[in-house]
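Close look at the chain arrangement
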Protein chains: 2
Amino acid sequence: MTLQFPLAQSVDWSAGAAYLDGAFMVVRDAKIPITDWGYRRSDVTYDVVSVWDGAFFRLDDHLRRFRASMRTMRLAPQETDEEIRRILHHLVALTGLRNAYVAMDCLRARPNPGERYHPANARSYLAAFAIPYVWLMKPEIIERGAHMIIASTPRIPDVCLDARAKNFHWADMTAALFEAEEKGADNPILLDLDGNVTEGPGYNVFCVTDGLVATPDRNVLEGISRLSAIDLCREMGLGCGLRRVPVGELLEADEVFVTSTAGGVIPVTRLDSRILGNDRPGPVTERLREAYWLKRRKGWHAEPVDYASAQPR
Amino acid sequence: MTLQFPLAQSVDWSAGAAYLDGAFMVVRDAKIPITDWGYRRSDVTYDVVSVWDGAFFRLDDHLRRFRASMRTMRLAPQETDEEIRRILHHLVALTGLRNAYVAMDCLRARPNPGERYHPANARSYLAAFAIPYVWLMKPEIIERGAHMIIASTPRIPDVCLDARAKNFHWADMTAALFEAEEKGADNPILLDLDGNVTEGPGYNVFCVTDGLVATPDRNVLEGISRLSAIDLCREMGLGCGLRRVPVGELLEADEVFVTSTAGGVIPVTRLDSRILGNDRPGPVTERLREAYWLKRRKGWHAEPVDYASAQPR
């Protein structure tokens, strides 16, 4: 397709830049028609990649996952992966942000009036935006370690909706966030219907017992930060099991941490009524967190943003 | 709150009228910010009421259910129920439509930048629109009877998300619609994780065996058209059980029908490989369907639209 890439000059892009169905605009102008099924049936998939110190982190992995999610949900925008990559670079370039939260959505429109009212008759389209970096939790919470609860609402099962296709079916997550709030905790962890650990709103969950790391292998998004933590475990010679993790194992673990694009490796120091590691981030978690940020500062999986694309030549 | 009700004159409202967070507009201008959680986390509830021959059907019941759904999902717009009623009347009055599909949504915005990123910090707001009446299925399909399949994707369980709070978590429904398409059927019926009948995309399911009617009592939206069918059964002296309905019972039933605001009572004449009632709508279904439309023509639960509200005095 033919894309028009505007220059940054003469518009204030600092609050964020967006791309919607072929056109660039400031983020506050990016809006979804109330009748589109991306909203009205949450018939949409998305991905989020971070920019840190002027570079995307694992952009190839995010683009690959985004395309896989689109296939699962039978969504296909007109843009190719290379076009999406150029759009994301340009969005960050317009804002000039060195640290950014960059989201890409593919959503279903709706059939035209008079056409059969079926998703097979509706086209899908791309939306994306870059805004200032969003921390999943405030940096001071990440420093002290997050206080979490095991939510009483179970995660929507994979058989109903494949969690690997990143989606906005968050009612279970939202209920769990309110429950955490009521119990004075920062965040929740959700179980599956059989009492195994799944994930939380925006993060994967890991536990460490006797020096061995484990993270759930089903009913979870296969997070890119999760992948990074698994890679780091391997590099550091730590055993990391991808398997079923019963809630009892989590509650009795030596350490618990979560991983997210919006925060990297985040220690958990309280879980329900339990205080872990004397209320301080555990040693394995800290080693992983330090390695994560050290490697990122050194350019691990980094793709520098093409800031020049939004400037006059 | 102070509402400004515009007059219909000098704008073409025929494609639909909308209300969004305090303001009226033509429906194509009603759009949801891409960053709002109503879209981005499907943190939204909704309801749909029909207007037929210039009157709302069971508007009180819809308003009551909408308020109950909002409570369940911890959403609270600034509008009272009476204000919502006036808004819905005015939307239809602007369009002048005698038959309309009228939707009301309450969705969560997002926290302001810098505030804690939690749904408890985000306000919620009302959106609504009236457009020309949408049939769930084409009238000719409703006449011949719908061809349905039992979907292989199960319905999201109630423990994850209370189906009584009408919501846009439709990925299971969308997958089932594609499956029906592939199998040459019109529509799907979804089961729960234990093989009991739940509902389909936009409708409740009933079966008739030996003159007795039954419909599932759990993991379903408590549809207003479902309620109307139950009321009709009582008036006509037909036994109607609200209970667990195993898929085997549905597959062996004498008759199957579905109910929806977007179509009333709709016969099912094929279900998977089974042909019901010689491929014609069954006698109980037909009696219910005729009674439904006869009573509606006579003003059953009808609230005439206040068309004058959009005209100069």
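It should be noted that the structure appears before, not after, this text.
Not measured: the values here are computed from a predicted model.

Re the relation of the copies chain A and chain B
Superposition of chain A onto chain B requires a rotation of 180° combined with a translation of 0.0 Å along the rotation axis, giving an RMSD of 0.0 Å. The superposition operator between the copies reduces to a two-fold rotation axis. Looking at the interface residues of chain A, 100% of them are also at the interface in chain B, so both copies use one shared face.

Quick notes on the sheet that holds strand 17 (residues 302-304) of chain B
For sheets, the rule is that strands pair by backbone hydrogen bonds, running either parallel or antiparallel. Residue and element names in this part refer to chain B. Across the sheet, which stays open at both edges, the seven strands sit in the order 2-1-7-6-4-5-17 with antiparallel pairing between neighbours. Across the chains shown, the open sheet's two edge strands, defined by having one partner strand only, are strand 2 (23-26) and strand 17. The average angle at which neighbouring strand axes cross in this sheet is 25°, direction not considered. The sheet contact formed by strand 1 (residues 17-20) and strand 7 (residues 124-132) spans four bridges and is antiparallel. Each residue of the ladder has a partner; that of Ala-17, found in strand 7, is Ala-130.

Digging into the nonpolar core
Grouped together as the largest cluster of nonpolar side chains are 52 residues, with contacts concentrated most on A:Ile32, A:Tyr39, A:Phe129, B:Ile32, B:Tyr39 and B:Phe129. If we ignore the near neighbours within four places in the chain, the residues touching A:Ile32 are A:Leu20, A:Tyr39, A:Leu107, A:Tyr125, B:Ala30, B:Lys31, B:Ile32, B:Ile34 and B:Tyr39.

Examining a nonpolar patch on the surface
On the surface, a cluster of nonpolar side chains totalling about 340 Å² of accessible area is made up of A:Val159, A:Leu193, B:Val159 and B:Leu193. Here A:Leu193 shows up in the loop between strand 9 (187-189) and strand 10 (199-200). Owing to a relative accessible area of 40%, A:Leu193 belongs among the partly exposed residues under this scheme.

Points about the packing of aromatic side chains
One pass over the full model with this rule turns up 30 aromatic pairs over all chains. Ring geometry for A:Phe57 versus A:Trp300: centroids 5.6 Å apart, planes at 50°, classification tilted. Of this pair, A:Phe57 sits in strand 5 (residues 55-57) while A:Trp300 sits in the loop between helix 8 (283-297) and strand 17 (302-304), and the two are 243 residues apart along the sequence. Residue classification places A:Trp300 among the buried residues on the basis of a relative accessible area of 12%. When the ring centre of A:Trp37 is taken as origin, the NZ or CZ atom of A:Arg41, which lies over that ring, is 3.8 Å away. Sitting over the ring of B:Phe57, B:Arg296 keeps its end group 4.0 Å from the ring centre.

Some details on the pairing of strand 2 of chain B
Each regular strand shows side chains that alternate between the opposite faces of the sheet. All names here are of chain B. Bridge analysis of strand 1 against strand 2 gives four bridges, and the strand direction is antiparallel. Bridge pairing links Ala-18 to Met-25 in strand 2. In this antiparallel pair of consecutive strands, strand 1 and strand 2, the connection spans two residues, and Asp-21 shows a positive phi of 50°.

Description of unusual backbone geometry
Within the chain, A:His301 stands out as a residue other than glycine whose phi angle is a positive 50°. For A:His301, the position within the fold is in the loop between helix 8 and strand 17. A positive phi angle, near 55°, is found at B:Arg74, a position not held by glycine. Mapped onto the elements, B:Arg74 comes out in the loop between helix 2 (59-72) and helix 3 (81-95).

Focus: the side chain of B:Glu79
Residues and elements named next belong to chain B. Take Glu-79: it is sitting in the loop between helix 2 and helix 3. Of the side chains with opposite charge, Arg-67 lies nearest to the buried Glu-79, which makes no salt bridge, at 7.2 Å. Among residues more than four places away in sequence, those in contact with Glu-79 are Met-1, Tyr-19, Gly-22, Arg-67, Ile-84, Ile-87 and Leu-126.

Thoughts on the interface of chain A and chain B
Between chain A and chain B, the contact holds 47 residues from the first and 47 residues from the second. Counting the surface lost from both chain A and chain B, the interface buries some 4700 Å², and carbon and sulfur atoms represent 66% of this. Our count for the contact surface shared by chain A and chain B stands at six salt bridges. Between B:Asp105 and A:Arg40 there is a salt bridge whose closest N-O contact spans 2.8 Å. At the level of secondary structure, the elements contributing two or more residues to the side of chain A that touches chain B comprise strand 3 (31-33), helix 1 (37-40), strand 4 (44-52), strand 6 (100-108), strand 7 (124-132) and helix 5 (171-182) of chain A. With seven residues, helix 5 of chain A is the single largest residue contributor to the side of chain A that touches chain B. Tallied by class, the residues present in the side of chain A that touches chain B amount to 28 nonpolar, seven polar and twelve charged.

About the cut-offs
- Residues numbered from 1 in each chain as written.
- Chains lettered and ligands numbered in written order.
- Predicted model: local features only at pLDDT ≥ 70, side-chain atom pairs only at ≥ 80, totals over all residues.
- Heavy atoms only, no water.
- Least-squares fit on C-alpha atoms with pLDDT ≥ 70 in both.
- Contact = heavy atoms within 4.5 Å.
- Pairing = 2+ DSSP bridges.
- Helix = DSSP H or I, 4+ residues; strand = E, 2+ residues; numbered from the N terminus.
- Axes fitted to C-alpha atoms, helices over the stretch in contact; angles between N-to-C directions.
- Core = buried A, V, L, I, M, F, W, Y, C linked by side-chain atoms within 4.5 Å.
- Buried < 20%, exposed > 50% of the residue type's maximum accessible area, 1.4 Å probe, protein only.
- Patch = residues over 30% accessible without salt bridge, like charges linked within 9 Å, V, L, I, M, F, W, Y side chains within 5 Å.
- Areas by Shrake-Rupley, 256 points an atom, 1.4 Å probe, with all protein chains shown as cover.
- Salt bridge = Lys/Arg side-chain N within 4 Å of Asp/Glu carboxyl O.
- Phe/Tyr/Trp six-rings, centres within 6.5 Å; stacked < 30°, edge-to-face > 60°.
- Lys NZ or Arg CZ within 6 Å of the ring centre and 35° of its normal.
- Lys, Arg positive; Asp, Glu negative; His and termini not counted.
- Buried area = accessible area lost by both parts, 1.4 Å probe.
- Nonpolar A, V, L, I, M, F, W, Y, C, P; charged D, E, K, R; others polar.

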